[in-house]
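# Notes for the structure review
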Amino acid sequence: MLHRSRTIVMAVGVLALALVPPAAAALNQPFYVDLFRRMMIFALAALSLDLVLGYGGMVSFGHAAYLGIGAYAVGILAFYGVDNGFLQWSAAIAASAVAALVIGAISIRTSGVSFIMITLAFAQMLYYLGISLETYGGDNGMPLRTRSQFAGLIDLRNPYAFYYLVLALLVLFLVLGHRLVNARFGMVIRAAKSNEPRARAIGFSPFRYKLVAFVLAGGACGLAGALLANQTEYLTPEFMHWTRSGEIMFMVILGGMGTLFGPVVGAIVLLGLEDVLSALTEHWQIILGPFLVLVVLFAKRGLFGLLPGEVLRDG
Amino acid sequence: MAEPLIVIRGLSKSFGGLRATDRVDLDVPEGETHAVIGPNGAGKTTLIGQLAGDLRPDAGMTRFAGQDVTALDAPTRSRLGLARSFQITSIFRDFTAVDNVALAVQAHSGHSFRFWRPARAERALRDPALAVLDSVGLGDRADVLAANLAHGEQRQLEIAMALATRPRLLLLDEPVAGMGLEESQRMVRLLGGLKGRVTIVLVEHDMDAVFTLADRISVMVYGRIIATGTPEEVRGNAEVRRAYLGEEATL
Ligand SMILES: Nc1ncnc2c1ncn2[C@@H]1O[C@H](COP(=O)(O)OP(=O)(O)OP(=O)(O)O)[C@@H](O)[C@H]1O
Ligand SMILES: [Mg+2]
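Note that the coordinates shown come from a computational prediction; the quantities given were computed from them, not determined experimentally.

Helix and strand counts for chain B stand at nine helices and 10 strands. Relative to a compact globule of 251 residues, whose C-alpha radius of gyration would be 18 Å, chain B shows 18 Å and is just as compact. Across its three principal axes, chain B shows a C-alpha extent of roughly 60 × 40 × 40 Å. The 251 residues of chain B split such that 54% are buried. With the model as given, the accessible surface of chain B reaches about 10,600 Å², and the carbon-plus-sulfur share is 51%. Charge separation in chain B, taken as the distance between the mean sites of 29 positive and 32 negative side-chain charges, equals 4 Å.

See below:
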């Protein structure tokens, strides 16, 4: 059950996102369609991380790896002439889910700093793998030949169609996430986060549930990667750099860990601030840094978490 | 006669050079309330941890209900019917009281790879959880966040979580520790009500509770059980009196 004020903010937020394209058209600022689509793609990535981090209590510091794998799956298939989006995006999801299965199987038995370091190490490995792939542009990356084709169902070259597809996917994953974290499955991973010895003592074996959560999150982030490749029409190992993982994690923390709409808020605020501040001054990071520190200090539950509603009860 | 519900032979565990439990033998027949007493650091919690499956023993074996469980982990043992409370209260603090108990019910009703139906709306989890909460006297506290319960209530909640798994053996590590007189009397009454219906291994420093509840008592010192017997036998045991110098008066 969601708290009223949170439901309202979420509904208003989604509605506002739906109104961005007409507003941008009215203001003759098509650039905003691009910006908000990018925000929503990162919101999806952050949402997937939140399942692992906020609900599962696993501090995965290499989440950008799945973003990169998803993007490269699309880019590499396109490179060989496979432009079919159904194929490309399925491959993106499958490849990142498999990577998450391997990384999770190794890392989830550990905890604390070891867990952080293992997930980070894997992501860095993939980053360097991307750099070494000369065929696909090495550290320069390569352009995406063409955006994914969906047999004429939807044309991603149309910025509005692409925008609403991303919005629809984001809403879909918010709904799926809401069901998942409140179903038996979600209760187990949240219980394990809350108190793992207790969860084991009452008869749960958390490992396999955490692993499945990790794989689901990896797959969802892979889809975000596929979207990102189409968004930028370019892919580079930078997608997998650890600073990118940090940025996604920051979106989650900024918006509110263990809430569903929090990561969306976090992605919009962080990328929005970057955009506004970088237009004002080239030293925008000097302003952004302290702001983020203040939010973490004074809004421990993140911006969305400031709204009434007990974090864990209100998945 | 059937084999005792729990049979322990030569159970040992060392931390570094310290023998926390040292070749412990213990039989607890079905239905018995068996207290384990002993001075601080005697190895009582270590023994409970080994029984619950949290601590791997260095040597020895444990049989439960005729089955060798030595190699089984805590969740597996829980599903076989072992339940425990912790010396330091261990609950899901950011869940409500009824959530805590419903989770215990859930853990014992098949796998949890269910992704769609809200668990809190499942009567099959909710109703038994509320019934157990009622039985430990927390019926009117069901929707309170566990972190906001009083200390005594949190201990009751732990018992409720254990009972919700329908255990055959209850391992209780100092259930009345840190409680006021009234709270501890309530807990003793609660445990007295369970007596006979479920087998209990009770670690406790409160001698009133021990002598009210226990059918038999084992005394642990430096990782070894130095005496086992009825409350009268233990009370009269000279070695126990020596080991318990400071606490002689209460014995
Ligand atoms: N994880 C551990 N690592 C190292 N030493 C430990 C560990 N757990 C217990 N010990 C040591 O083992 C000995 C037995 O501890 P244990 O907690 O079993 O005693 P206890 O009888 O439960 O004591 P108390 O009555 O104070 O609860 C103590 O000396 C303790 O310091
Ligand atoms: Mg102890």
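This part covers the nonpolar core. Core analysis: the largest hydrophobic core is formed by 142 residues, its most contacted members being A:Trp89, A:Phe214, B:Val101, B:Leu133, B:Leu157 and B:Leu170. For this core, the leading source of residues is helix H2 (residues 31-55) of chain A, giving 17 residues. Excluding its chain neighbours within four sequence positions, the residues that come into contact with A:Trp89 are A:Val74, A:Ser148, A:Phe150, A:Leu156, A:Leu165, A:Leu169, A:Leu223, A:Ala226, A:Leu227 and A:Asn230. Formed by 21 residues, the second largest nonpolar core is a distinct cluster that contains B:Ile48, B:Leu82, B:Leu171 and B:Val201.

This brings us to the coordination of the magnesium ion (ligand 2). Residue and element names in this part refer to chain B. Distances from the magnesium ion (ligand 2) to its protein donors, Thr45 (OG1) and Gln87 (OE1), fall within 1.9 to 2.1 Å. Taken together, the residues Thr45 in helix H1 (residues 44-52) and Gln87 in the loop between strand S6 (82-84) and helix H3 (97-107) connect sequence positions 42 residues apart. Under the relative-accessibility criterion, Gln87 is labelled partly exposed at 34%.

Turning to a nonpolar patch on the surface, a few remarks are in order. Together, A:Leu172, A:Val175, A:Leu176 and B:Trp116 make up a nonpolar patch on the protein surface, roughly 370 Å² of accessible area in all. With respect to the element layout, A:Leu172 can be found in helix H6 (residues 159-182). Look at A:Leu172 and you get partly exposed, because its relative accessible area is 41%.

Turning to the pairing of strand S2 (residues 18-28) of chain B, a few remarks are in order. Residues and elements named next belong to chain B. In this structure, strand S1 (residues 6-15) lies alongside S2, joined through seven bridges in antiparallel fashion. Its bridge partner being in S2, Phe15 is matched across the sheet by Leu18. Here S1 folds back onto S2 in antiparallel fashion, the turn holding two residues, of which Gly16 has a positive phi close to 60°.

Residue and element names in this part refer to chain B. For ligand 1, the set of nearby residues contains 13 residues, the closest of which are Asn40, Lys44, Thr45, Thr46 and Gln87. Side-chain polar atom of Asn40 to an oxygen atom of ligand 1: 2.8 Å apart, as the coordinates give it. For ligand 1, the accessible surface in isolation is 630 Å², of which the surrounding protein chains cover 61%. Per element, the largest residue contribution to the shell around ligand 1 is three residues, and it comes from H1. Split into classes, the residues belonging to the shell around ligand 1 amount to four nonpolar, seven polar and two charged.

Moving on, we come to the sheet that holds strand S7 (residues 169-173) of chain B. All names here are of chain B. The six strands lie next to each other as S6-S7-S8-S3-S9-S10, forming an open sheet whose pairing is mixed. Lying at the two open borders of the sheet, with one neighbouring strand each, are S6 and strand S10 (224-229). Put simply, the sheet's adjacent strands are angled 20° from each other on average, direction ignored. As paired elements, S6 and S7 share three bridges and run parallel to each other. Within the sheet, the bridge partner assigned to Arg84 lies in S7 and is Leu171. With respect to the sheet, helix H5 (residues 151-164) is in contact with S6 and S7, its orientation differing from that of S7 by roughly 160°.

About the cut-offs
- Residues numbered from 1 in each chain as written.
- Chains lettered and ligands numbered in written order.
- Predicted model: local features only at pLDDT ≥ 70, side-chain atom pairs only at ≥ 80, totals over all residues.
- Heavy atoms only, no water.
- Helix = DSSP H or I, 4+ residues; strand = E, 2+ residues; numbered from the N terminus.
- Rg over C-alpha atoms; globule rule 2.2 N^0.38 Å.
- Buried < 20%, exposed > 50% of the residue type's maximum accessible area, 1.4 Å probe, protein only.
- Areas by Shrake-Rupley, 256 points an atom, 1.4 Å probe, with all protein chains shown as cover.
- Lys, Arg positive; Asp, Glu negative; His and termini not counted.
- Charge placed at Lys NZ, Arg CZ, Asp CG, Glu CD.
- Core = buried A, V, L, I, M, F, W, Y, C linked by side-chain atoms within 4.5 Å.
- Contact = heavy atoms within 4.5 Å.
- Donors = N, O, S within 2.8 Å, 3.2 Å for Na, K, Ca; no water.
- Patch = residues over 30% accessible without salt bridge, like charges linked within 9 Å, V, L, I, M, F, W, Y side chains within 5 Å.
- Salt bridge = Lys/Arg side-chain N within 4 Å of Asp/Glu carboxyl O.
- Pairing = 2+ DSSP bridges.
- Near = heavy atom within 4 Å.
- Polar contact = N/O pair within 3.5 Å; in protein donor to acceptor, adjacent residues only side chain to side chain.
- Nonpolar A, V, L, I, M, F, W, Y, C, P; charged D, E, K, R; others polar.
- Axes fitted to C-alpha atoms, helices over the stretch in contact; angles between N-to-C directions.

Don't take any of this as a statement about function, it's just geometry.
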